[in-house]
Amino acid sequence: MLRLSKKADYALMAMKHLAVRGDGASSSAREIAEQYDIPIELMAKVLQRLVQRGLLASHQGTRGGYLLARQPAQISIADVIQAIDGPVTVTACSTDDGKCDQFAKCNVRDPLWRVRERILAALGDCTIAELAVDTPPLPAPVRAAVLHTHL
């Protein structure tokens, strides 16, 4: 099963939070953690990892915190996931180093690598800017009241 780790989920939530602010203001790890009921220590670790990978910038001080290092449209979902979880893989033999016992005889390795490339392409095409644009739910159809008058 393909599944993001909780840390990757939290990283995407934090990135969207910062992108939605849009005013260039920073947010603290505490502020983000409290907003989404995430343990502060875990959020701080996730945010630091994103800083290390160049996706966030951090500022110290009373008005310090985290902000996006680039425009939201320039940060892909793949960037965030790989910053937190490492390379996206779909098989145990995700590299071509030949360490798997079945490497030479495997008949699904190459097709699954192509699947991996498609997944990466899809994640690379979707940006934080797209996450930040919430499409509001469609309003329920309005039913006009019919007034019957009997004169």
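As shown above, the structure is provided for reference.
About the cut-offs
Residues numbered from 1 in each chain as written. Predicted model: local features only at pLDDT ≥ 70, side-chain atom pairs only at ≥ 80, totals over all residues. Heavy atoms only, no water. Helix = DSSP H or I, 4+ residues; strand = E, 2+ residues; numbered from the N terminus. Buried < 20%, exposed > 50% of the residue type's maximum accessible area, 1.4 Å probe, protein only. Contact = heavy atoms within 4.5 Å. Areas by Shrake-Rupley, 256 points an atom, 1.4 Å probe, with all protein chains shown as cover. Pairing = 2+ DSSP bridges. Salt bridge = Lys/Arg side-chain N within 4 Å of Asp/Glu carboxyl O.

Caption draft 1: Region of the structure containing the overall build of the protein chain. Counting its regular elements, the protein chain contains 6 helices and 2 strands. Its helices and strands taken in sequence order, the protein chain reads α-α-α-β-β-α-α-α from the N to the C terminus. Sorting the 151 residues of the protein chain into buried and exposed places 28% on the buried side. Contacts in the protein chain between residues at least 24 apart in sequence constitute 60% of all its contacts with a sequence separation of at least 6. Element-wise, carbon and sulfur atoms account for 54% of the exposed surface of the protein chain, whose accessible area totals about 10,600 Å².

Caption draft 2: Fine view of the pairing of strand E1 (residues 56–59). Here 4 bridges tie E1 to strand E2 (residues 65–68), and the two strands are oriented antiparallel to one another. Each bridged residue has a counterpart across the sheet, and for Leu56 the counterpart in E2 is Leu68. Hairpin geometry of E1 and E2 is characterised by an intervening segment of 5 residues between the two adjacent antiparallel strands and by a positive phi of about 110 degrees at Gly61.

Caption draft 3: Layout of the pattern of salt bridges. Scanning all chains against the criterion turns up 5 salt bridges. Its salt-bridge partner being Arg30, residue Glu34 comes within 3.9 Å of it at the nearest N-O pair. Taken together, the residues Glu34 and Arg30, both in helix H2 (residues 29–36) and 4 residues apart, mark about one turn of the helix. Look at Glu34 and you get exposed, because its relative accessible area is 55%.

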